[in-house]
Amino acid sequence: MTITLYDIKESPHCRKVRLLAAELGIKLNTVVKDPRTLETRSSDFLAKNPNGRVPTLEENGLYLWESPAILKYLAAKVPERGLCGKDARTQALVDQWLFWWASGPEAAIDMLGWEMIIKPMVLNEPGKDPAVMNEAYARINRYLPVLDKQLESRDYVVGPLSVADFAIGPRFDRAPELLKFDVAPYKNIAAWLARLRARPYWQNA
Ligand SMILES: N[C@@H](CCC(=O)N[C@@H](CS)C(=O)NCC(=O)O)C(=O)O
């Protein structure tokens, strides 16, 4: 059965999905839908995802959106890898970190992305409002010590490799360059990212 990913190369949310598919050896049929040209606002696309956003996954009549849900769906296809957690306890911890990430730090990262990239480069608006950016940086810096502490005694976010690593790790890849924040001071996060980035597909996914 073909799995289609509606995708755009520059989207960090889409990249999470491509990375996990590479890890699991799942072949995706990628179809570019570029929000900048409003391809994601066509009635055809809105029927697949009423939010008009990528990533959106399609398989055999299922349309799935929100990257953490997509990550879990793909991981569930290869149960022997256990990337959703091998037991109820680990599964609950995977979910905890997914929800924490999406509702807290990632929301602040997206706030920065909107202000620093989308407004000035896509919407032709000034953006870069210092008040908004400072609020986002303050939130990020409140959350990163939590992740750093978690990684003090673990190789990956919940211990063994899981979808949580794919939800969180890729968001740091272009952060220094594009969003002007760096995790270098967080030694455990930096070491964990080095482990993820050593995976052979990581740079090109
Ligand atoms: N929470 C969503 C965020 C998806 C998202 O923000 N996608 C962006 C591309 S990175 C998009 O399609 N934006 C177009 C729009 O909002 O109109 C996820 O995790 O999948």
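Throughout, a residue's number is its position along its own chain's written sequence, starting from 1. For this predicted model, a pLDDT threshold of at least 70 governs which residues receive local features, and a threshold of 80 or more governs which side-chain atom pairs are given and counted, while totals over whole chains, interfaces and linings are taken from all residues.

K.L.:
Any chance you could explain the nonpolar core here in plain terms?
P.N.:
Nonpolar side chains tend to gather and get buried jointly when the protein is soluble and globular. Remark: nonpolar core denotes a set of buried Ala, Val, Leu, Ile, Met, Phe, Trp, Tyr and Cys residues whose joining runs through C-beta atoms within 7 Å. Our exposure labels follow a C-beta count within 10 Å of each residue's own C-beta, placed from the backbone: buried means 20 or more other C-beta atoms, exposed means 12 or fewer, and partly exposed covers the counts in between. Leu20, Leu71, Val163, Ala164 and Ala167 are the most contacted members of the largest nonpolar core, which has 28 residues in total. Only DSSP runs of H or I covering at least 4 residues are called helices, and only runs of E covering at least 2 are called strands; the numbering of each starts at the N terminus. Where this core is concerned, the elements lending two or more residues are strand E1 (4-7), helix H1 (12-24), helix H3 (67-76), helix H4 (88-103) and helix H7 (163-168). Where each domain starts and ends comes from a domain assignment, either automatic or drawn from a database. For this core, the domains that each give at least three residues are domain 1 (4-81) and domain 2 (88-197).

K.L.:
Teacher, can you tell me more about the environment of Gln150 here?
P.N.:
By secondary structure assignment, the location of Gln150 is in helix H6 (residues 130-150). Once the C-alpha coordinates of Gln150 and Ile189 are considered, the two residues, 39 residues apart in sequence, prove to be 9.1 Å apart.

K.L.:
What exactly am I supposed to notice about the pairing of strand E4 (residues 62-65) here?
P.N.:
Moving residue by residue along a regular strand, the side chains alternate between the two faces of the sheet. As paired elements, strand E3 (residues 56-59) and E4 share four bridges and run antiparallel to each other. When the bridges of E4 are listed, Glu58 appears paired with Tyr63. At least two DSSP bridges between two strands are needed for those strands to be called paired.

K.L.:
In this structure, what is going on with the domain arrangement of the chain? I would like to understand it.
P.N.:
For interface size, the figure often reported is the accessible area lost on association. Segmenting the chain into domains produces domain 1 (4-81) and domain 2 (88-197). Contact definition: two residues whose C-beta atoms, as placed from backbone geometry, lie within 7 Å. Taken together, the 11 residues of domain 1 in the interface contact eight residues of domain 2. Listing elements by their share of the side of domain 1 that touches domain 2, those giving two or more residues are H1 and H3. When the residues that make up the side of domain 1 that touches domain 2 are grouped by side-chain class, the tally is six nonpolar, one polar and four charged. The nonpolar class holds Ala, Val, Leu, Ile, Met, Phe, Trp, Tyr, Cys and Pro. Asp, Glu, Lys and Arg form the charged class, and all remaining residues, Gly among them, are polar.

K.L.:
It is not clear to me how the site of the ligand should be interpreted in this structure. Could you clarify?
P.N.:
Being near a molecule or strand means, for a residue, that its backbone-placed C-beta atom lies within 6 Å of it. Inspection of the region around the ligand gives Ser11, His13, Pro35, Thr40, Gly52, Arg53, Val54, Pro55, Glu66 and Ser67 as its neighbouring residues. Residues that form the shell around the ligand fall into these classes: three nonpolar, five polar and two charged.

K.L.:
Even after reading the chapter, I still don't get the pairing of E3, so can you show me in this structure?
P.N.:
Here E1 pairs with E3 via three bridges, running antiparallel. Note that in E3 the partner of Tyr6 across the bridge is Thr56. Adjacent in sequence and paired antiparallel, E3 and E4 are bridged by two residues, among which Asn60 carries a positive phi angle near 50°.

K.L.:
Looking at this structure, I do not really get the environment of Leu62. What am I missing?
P.N.:
With respect to the helices, strands and loops of the structure, Leu62 is situated in strand E4. Each C-alpha atom, one on Leu62 and one on Ile3, is 9.8 Å from the other, the two residues being 59 residues apart in sequence.

K.L.:
In this structure, what is going on with the packing of H1 against H3? I would like to understand it.
P.N.:
The relative placement of two packed helices is expressed as an angle between their axes plus a distance between the axes. As a packed pair, H1 and H3 sit with axes 9 Å apart at the nearest point and diverge in direction by 10°. Classed by the angle they form, the pair H1 and H3 counts as roughly parallel. For the pair formed by H1 and H3, the contact residues are His13, Lys16, Val17, Leu20, Ala21 and Leu24 on the first element and Ser67, Ile70, Leu71, Leu74 and Ala75 on the second. Residues of the contact of H1 with H3, tallied by class, amount to eight nonpolar, two polar and one charged. Interaxial angle, 0 to 180 degrees, is taken between N-to-C directions of lines fitted to C-alpha atoms, where a helix line uses only the stretch in contact. Should an angle lie under 35 degrees it is considered roughly parallel, over 145 roughly antiparallel, and from 65 to 115 roughly perpendicular; all remaining angles are considered oblique.

K.L.:
For this particular structure, what's the right way to read unusual backbone geometry?
P.N.:
Leaving glycine out, the prevailing phi sign among residues is negative, and the prevailing peptide bond configuration is trans. Along the chain, Val54 connects to Pro55 via a cis peptide bond; the corresponding omega equals 5°. Relative to the assigned elements, Pro55 resides in the loop between helix H2 (43-48) and E3. Phi is positive for Lys128, close to 50°, though the residue is something other than glycine. Counting through the fold element by element, Lys128 comes out in the loop between helix H5 (105-122) and H6. Unusually for a residue other than glycine, Lys180 sits at a positive phi of about 60°. With respect to the element layout, Lys180 can be found in the loop between helix H8 (175-179) and helix H9 (187-197). On the basis of neighbour count, Lys180 is assigned to the exposed category, with 11 C-beta atoms found within 10 Å.

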